[in-house]
Amino acid sequence: EYDGLYAVLVCKALLGRSYVTEQPGDFRDPVLKGEFDHVLGDREKAVGTFREFIFFHDASIYPEYAVFYRREKDGRIMPRPDRETAPPVMEMAEE
């Protein structure tokens, strides 16, 4: 019944204290050590695009809604791209 549909989760997030950076890199240690609650990659300030919030604790994010949609252009349903699967997820080491 979901054939041809896309999905996106709309989530609530508890921010807390932000570790703010304008540089790319691995900034998980300050969060995992408890100094900060998430990483805020401020790409808006760095390159004029957007701000990226990266969370490392499941309890900080709550899925509120699942939105299903179909992509259309000029009244026609767009075909799905060739790639049907998501890229692999990087696993974090347990501490």
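Residues numbered from 1 in each chain as written. Predicted model: local features only at pLDDT ≥ 70, side-chain atom pairs only at ≥ 80, totals over all residues. Heavy atoms only, no water.

Re the overall build of the protein
Then comes step 1: A tally of helices and strands in the protein yields two helices and seven strands.
Then comes step 2: Buried positions account for 12% of the 95 residues belonging to the protein.
Then comes step 3: For the protein, the exposed surface amounts to about 8200 Å²; the carbon and sulfur share of it is 52%. (Helix = DSSP H or I, 4+ residues; strand = E, 2+ residues; numbered from the N terminus. Buried < 20%, exposed > 50% of the residue type's maximum accessible area, 1.4 Å probe, protein only. Areas by Shrake-Rupley, 256 points an atom, 1.4 Å probe, with all protein chains shown as cover.)

With respect to the pattern of salt bridges
Then comes step 1: Considering all chains together, one arrives at three salt bridges under this definition.
Then comes step 2: With a closest N to O distance of 4.0 Å, E64 and K12 form a salt bridge. Here K12 lies in strand β1 (residues 6-13) and E64 lies in strand β5 (residues 61-69), a separation of 52 residues in the sequence.
Then comes step 3: A relative accessible area of 30% places E64 in the partly exposed class.
Then comes step 4: Two residues, E22 and K45, come together in a salt bridge whose shortest N-O distance is 3.6 Å. (Salt bridge = Lys/Arg side-chain N within 4 Å of Asp/Glu carboxyl O.)

Things to note about the environment of A59
Then comes step 1: When you line up the elements, A59 lands in the loop between β4 (51-54) and β5.
Then comes step 2: On the accessibility criterion, A59 (78% relative accessible area) is exposed.
Then comes step 3: For A59 and A13, which are 46 residues apart along the polypeptide, the C-alpha to C-alpha distance reads 8.8 Å.

Here's the deal with the side chain of S60
Then comes step 1: Turning to its location among the elements, S60 is positioned in the loop between β4 and β5.
Then comes step 2: By relative accessible area, which is 12% here, S60 ends up buried.
Then comes step 3: Not counting residues within four places of it along the chain, the set of residues in contact with S60 comprises K12, A13, L14 and F55. (Contact = heavy atoms within 4.5 Å.)

All quantities given are derived from atomic positions and should not be read as evidence of function.
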